[in-house]
Amino acid sequence: MGSGLRIRRFVKYNRPGMALVIALFLLLITVLINPKSLNINTFGSILVQTMLLSFAAAGQTMVVISGGVDLSVGSVMSMAAVITTGIMQGQGGRFAQVILATVAMGAAIGLLNGVCAVRVGLPPIVITLAVSYVVTRLQYVFTGGMPTGVAAALFKKTVQYRIFGLIPAATMYAVVIWALAFFLIHRSRFGKQLYLTGNNESAARLNGINTRKIRVLTFVLSGVFSAVAGVLGAGYMGMSQCQLFDNYAYNSLVAVIVGGSLFVGGVGSYFGSITGSLVMIVLSNGLTVLDISQPVRNLVLGLVMVILLTLYNRAKPIRQ
Amino acid sequence: MAEAIRRRWGHFRRQPVFTGFCLFMAVLALNIIIQTPAKFFTVSNFRILLSKNMPLILTCLGQSVLMMCGVLDLSTGIQLAFVNVIAIMLPQELGVPVGLGWACALTGGVLISLFCGFCIVKLRLPALLTTFSITYIIKGVNVLIMGEPQGKVEKIIYKTYDSVVLGFLPFAALILLAVLLVWQYIKRTPYGKHMYAVGNNPRNAYAVGINPERVQMKAFLIKGFIVGIAGLCLTASNASGNPLQAEEYGIRSLSACMLGGMNFGGWGTLSCGLFGAGFLVIVQNAVYYLFNFLTKTIQGLMINSYWQNLVSDTIIFLGLLATIITAKAQRETLRQGFVKQLKRGEKYGG
C-alpha cells in the first residue's frame, strides 16, 4: 500500500518527473521497435531540438502561468529565422545586428499581443492566432515567398557542433537562456508576481501588484524568447523558409502542459516545460524513426492535446 | 409620425444587430463608390459575390448559432475541407453515386461537429483550445483520405450552383434563404428560447429545468448541418478537392460574429453573424477592386497575391480590435454582455 500510494502521489503531483518517465518510456519503445535508431547521433539531435523547443517554451510557460496562451510563438520564430539569414547572408560578424533586430521584432509583436489581450481584453488565443497569421503574411511579403541567405558558418558551428560527438555546442546558449528563464520565473520579484497574478488576479491586484503590466510583460518576454529561439533555429537549420517553425506554437504549448502547467494559471515550472519539450521531441523522433507520415503525426499531436485536456483541464459539472 | 419613426429608431439602436448593420452599410457604401454603382448593381456581380463567399457566410451563421449557446468552434474551417474531401473522394474512389456521396459528406460534417460538441459539452473541455487541437486531428484525417488537391465535380453541379434563378436570384442566395427560413422556424420553438437561457447562464437554465448539455449539443447539430451545406457549397464553387483549404475560416467566422455584435451567450441573433460575414466579404471585395484600381492608375506598381493575403489577414485582426469601438457605441446592456463575454472568453482562452 505504501509504495502504491507513493506511485500515485508521484503521478499526480510530480508532473516533471512523470514527463521524464514518459520520455524514457517513449524512447524505449522506439529503440525496441527499431534498434538501429539507438546511436549517438540520434541522442545529439534529440538534445539540440529539445533545447530549441525549451527556449520557445520559456516565454510560453510565463504566459500560461499568468493565465493566457500565446499561439504566435511559431510565426515569431519563423520571422526571426528569416531575418537572421537575411542579415547574415553567410558572413560572420553580424551576430549583434541579428540579435538586436530579432529581439526588437519579437518584443514589438509580443507587446502588440499583450496590449490586445490585456488592455483591449480579447481572448488571448484568438488575438495571438490572428497576429500570427499577419506575421506569417509579412514573411511572404518581405521575402517574396523565397527567403535568401544562409546563416554564417561560425554561427552554424556554435549550434550544430557536437562535443565528443554527443553534447551539442548549443548547450552554451542553453546554459544562458535556461538560467535567465529560471531566474525570471522562479527567483525574481516578477516571477512571484506572475504566479500570484495567474493564481488569483483580483487578490493580486488588491495586494498592490500591477497585474496588467505583469500580463503584458509575459507576452513581450514570450516574443523575445521566441525570437531568440528562431535565431538559434536558423543556425540549426543553416537556412530559412517562410513558416519554417510554425509548428513550434502548438508544440511549445503542449510541452508546457505536459510539463505540469495548467491553463487556469498560477501553476507550472520551467523545469517541467523543459521535460515537456523532451517528451515532445522524443515523440516526434519516434514518429520519424517509425516512418510515420505527416498526417498521422498531426492526428497524434491533436489527440495528445485532447487527452491532456481531458486529464487535467475539465471544468466543473453544472450539476453539483 | 416623426415620433413613431424616432421610437422605431431608438428600438433598433438597442438591437444587438445595430453595430453590425452600421459597419456593413458603411463598407457597402465604400465598395459601391470604389466599384462604381453601374458595375456594382448587376446580377452577375451579386452572383459572383454570393457564390464565391457562400461557404464563409454559412460558416459565420453556424458559428453564431454556437455563440448564442455560449460555446464556439475554431475547427469549423477545416471541417469544410473535411466535407469537401468526402464529397470528392466517395464518388471518385468508391464509385458511389454523386448524390449519395454528397449526402454522406453532409452526414460526415454533422458527425465531426457532434464530436467537437462531445468534447466541449460532455467532457467539459475548454472550447477554444480543444477545437484548436481538433483542427490538427481533422487535418490529419483529411490528408489521410486525400493525399493532395485533386478531383473534379460534374459540370451540371457547378453550373447549377453558379446559375441565376428567374433572371435575378442567384442560386447561392436560395441556399442562404433556405437556411435562414429553417432558422426562423427553430427560433420560434421553445428550443430557441432555451438557447438564450443556456448561453446567458447554464446554471440558472439548469435550475429552471432546461438541460444545458442537450441544448448545446443540439446547437452543435444545427451547426453541423450548416457547415455540411457550406462544405458542399465550397465543393461546388471550387469544383475540386483540397484537404487543407479553408482552415482560416474558423477564426474568420469568429471575428465576423464578434464584429456583428454577437457575444458569448445570451446576446445576439443570427443576423449578427450574417452582417458580420457581409462586412468581411465586402471589405475583401473592396480591397480587391482597390488594388486593381491602384495597379491601373499608378504605372509600374506591382502587387502580388502576398500583399492581398496580408491585407485580408490584417483586416481580420483590425476587425477583432474594432469590437471595442463597436461595443462602446452600444448601450449599457451590450457593454455588460461584452464584459461577461470577456470573462467567459478568458475562461475559454486560459
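This is a predicted model, so every value here is computed, not measured. (Residues numbered from 1 in each chain as written. Chains lettered and ligands numbered in written order. Predicted model: local features only at pLDDT ≥ 70, side-chain atom pairs only at ≥ 80, totals over all residues. Heavy atoms only, no water.)

**Thoughts on the overall build of chain B**
1) Next: A tally of helices and strands in chain B yields 16 helices and two strands.
2) Next: For chain B, the C-alpha radius of gyration of 20 Å lies close to 20 Å, the compact-globule estimate for 350 residues.
3) Next: Taking the principal axes of its C-alpha atoms as reference, chain B extends roughly 55 × 50 × 40 Å.
4) Next: Counting every position in chain B, which comprises 350 residues, the buried fraction comes to 54%.
5) Next: Long-range pairs, those at least 24 residues apart, make up 81% of the contacts in chain B with a sequence separation of at least 6.
6) Next: With an accessible surface of roughly 15,400 Å², chain B has 66% of that area assigned to carbon and sulfur atoms.
7) Next: Separation of charge centres in chain B, based on 30 positive and 12 negative side chains, amounts to 12 Å. (Helix = DSSP H or I, 4+ residues; strand = E, 2+ residues; numbered from the N terminus. Rg over C-alpha atoms; globule rule 2.2 N^0.38 Å. Buried < 20%, exposed > 50% of the residue type's maximum accessible area, 1.4 Å probe, protein only. Contact = heavy atoms within 4.5 Å. Areas by Shrake-Rupley, 256 points an atom, 1.4 Å probe, with all protein chains shown as cover. Lys, Arg positive; Asp, Glu negative; His and termini not counted. Charge placed at Lys NZ, Arg CZ, Asp CG, Glu CD.)

**A few points about the overall build of chain A**
1) Next: Tallying secondary structure elements over chain A gives 14 helices and two strands in all.
2) Next: For chain A, the C-alpha radius of gyration of 20 Å lies close to 20 Å, the compact-globule estimate for 320 residues.
3) Next: With the C-alpha coordinates aligned to their principal axes, the bounding extent of chain A is approximately 60 × 50 × 35 Å.
4) Next: By residue count, 56% of the 320 residues in chain A fall in the buried class.
5) Next: Carbon and sulfur atoms make up 67% of the accessible area of chain A, which amounts to about 13,800 Å² in all.
6) Next: Of the charged side chains in chain A, 23 are positive and 4 negative, and the gap between their average positions amounts to 12 Å.

**With respect to unusual backbone geometry**
Residues and elements named next belong to chain B.
1) Next: Positive phi outside glycine occurs at T36, with the angle close to 65°.
2) Next: As for its position among the elements, T36 is in the loop between helix 2 (17-35) and helix 3 (37-40).
3) Next: You can call T36 partly exposed: its relative accessible area is 37%.

**A short note on the interface of chain A and chain B**
1) Next: On the side of chain B, 44 residues touch chain A, which itself brings 46 residues to the contact.
2) Next: Between chain A and chain B, roughly 4,400 Å² of surface is buried when both sides are summed, and carbon and sulfur atoms account for 76% of that area.
3) Next: Between the two partners, chain A and chain B, sit one salt bridge.
4) Next: Across the pair A:R137 and B:D313 runs a salt bridge whose closest N-O atoms are separated by 2.7 Å.
5) Next: At the boundary of chain A with chain B, the tally comes to two residue pairs in polar contact (both at pLDDT 80 or more).
6) Next: Elements represented by at least two residues in the side of chain A that touches chain B include exactly helix 5 (95-120), helix 6 (124-143), helix 12 (247-258) and helix 14 (294-312) of chain A.
7) Next: Of the residues forming the side of chain A that touches chain B, the biggest block, 12 residues, is contributed by helix 6 of chain A.
8) Next: Of the residues that constitute the side of chain A that touches chain B, the class distribution is 32 nonpolar, nine polar and five charged. (Buried area = accessible area lost by both parts, 1.4 Å probe. Salt bridge = Lys/Arg side-chain N within 4 Å of Asp/Glu carboxyl O. Polar contact = N/O pair within 3.5 Å; in protein donor to acceptor, adjacent residues only side chain to side chain. Nonpolar A, V, L, I, M, F, W, Y, C, P; charged D, E, K, R; others polar.)

**Let's talk about the pattern of salt bridges**
1) Next: Under the defined criterion, the tally for this structure stands at eight salt bridges over all chains.
2) Next: Two residues, B:E3 and B:R6, come together in a salt bridge whose shortest N-O distance is 3.8 Å. A residue pair is termed a helical-turn pair when its members lie 3 or 4 positions apart in one helix, as B:E3 and B:R6 do in helix 1 (residues 2-13) at three residues.
3) Next: Of the charged contacts in the structure, one is a salt bridge between B:R252 and B:E248, with a shortest N-O distance of 3.9 Å.
4) Next: Linked by salt bridges that have partners in common, A:R137, B:E248, B:R252 and B:D313 make up one network.

**Focus: the nonpolar core**
1) Next: In terms of nonpolar packing, the biggest core is built from 197 residues, with A:F155, A:L232, B:M54 and B:L58 touching the most fellow members.
2) Next: Leaving out residues up to four positions away in the same chain, A:L232 has contacts with A:L52, A:F55, A:F155, A:V159, A:Y173 and A:I177. (Core = buried A, V, L, I, M, F, W, Y, C linked by side-chain atoms within 4.5 Å.)

**Let's talk about the packing of helix 4 (residues 43-68) of chain B against helix 13 (residues 249-259) of chain B**
Residues and elements named next belong to chain B.
1) Next: At a closest axis distance of 9 Å, the pairing of helix 4 and helix 13 adopts a crossing angle of 65°. For the pair helix 4 and helix 13, the crossing hand works out as right-handed. In this structure, helix 4 contributes P55, L56, T59, C60, Q63, S64 and M67 to the contact, and helix 13 contributes Y249, G250, R252, S253, L254, A256, C257 and M258.
2) Next: Here the contact of helix 4 with helix 13 is composed, by residue class, of nine nonpolar, five polar and one charged. (Axes fitted to C-alpha atoms, helices over the stretch in contact; angles between N-to-C directions. Left-handed = near helix turned anticlockwise from the far one by under 90°.)

**Quick word on a nonpolar patch on the surface**
Residue and element names in this part refer to chain A.
1) Next: Judged by side-chain polarity, L38, I40, F43, L47, Y161, I163, F164, L166 and I167 come together as a nonpolar surface patch covering roughly 850 Å² of accessible area.
2) Next: Top contributing element to the nonpolar patch by residue count: helix 3 (residues 40-65), with three residues.
3) Next: Since its relative accessible area comes to 74%, F164 is described here as exposed. (Patch = residues over 30% accessible without salt bridge, like charges linked within 9 Å, V, L, I, M, F, W, Y side chains within 5 Å.)

**Observations regarding helix 1 (residues 2-13) of chain A**
1) Next: Across its 12 residues, helix 1 of chain A extends 16 Å between first and last C-alpha, which sits within 8% of the 16 Å expected from 1.5 Å per residue.
2) Next: Across the 12 residues that make up helix 1 of chain A, only a small minority, zero, are buried. (Expected span 1.5 Å × (residues − 1).)

**Considerations on the confidence of the model for chain A**
Close reading of the predicted structure is inappropriate where its pLDDT is low.
1) Next: For chain A, the average pLDDT comes to 87, and 98% of its residues sit at 70 or higher.
2) Next: Mean pLDDT across the elements of chain A ranges from a minimum in helix 1 of chain A, with 78, to a maximum in helix 11 (residues 211-237) of chain A, with 92. (pLDDT = per-residue confidence, 0-100.)

**Overview of the packing of aromatic side chains**
1) Next: One pass over the full model with this rule turns up 12 aromatic pairs over all chains.
2) Next: Ring geometry for A:F245 against A:Y248: centres 5.4 Å apart, planes inclined by 90°, an arrangement best described as edge-to-face.
3) Next: Joined through ring pairs, the aromatic side chains of A:Y250, B:F132 and B:Y136 make up one cluster.
4) Next: Over the ring of B:Y136 we find B:K139; its NZ or CZ atom is 4.9 Å from the centre of that ring. (Phe/Tyr/Trp six-rings, centres within 6.5 Å; stacked < 30°, edge-to-face > 60°. Lys NZ or Arg CZ within 6 Å of the ring centre and 35° of its normal.)

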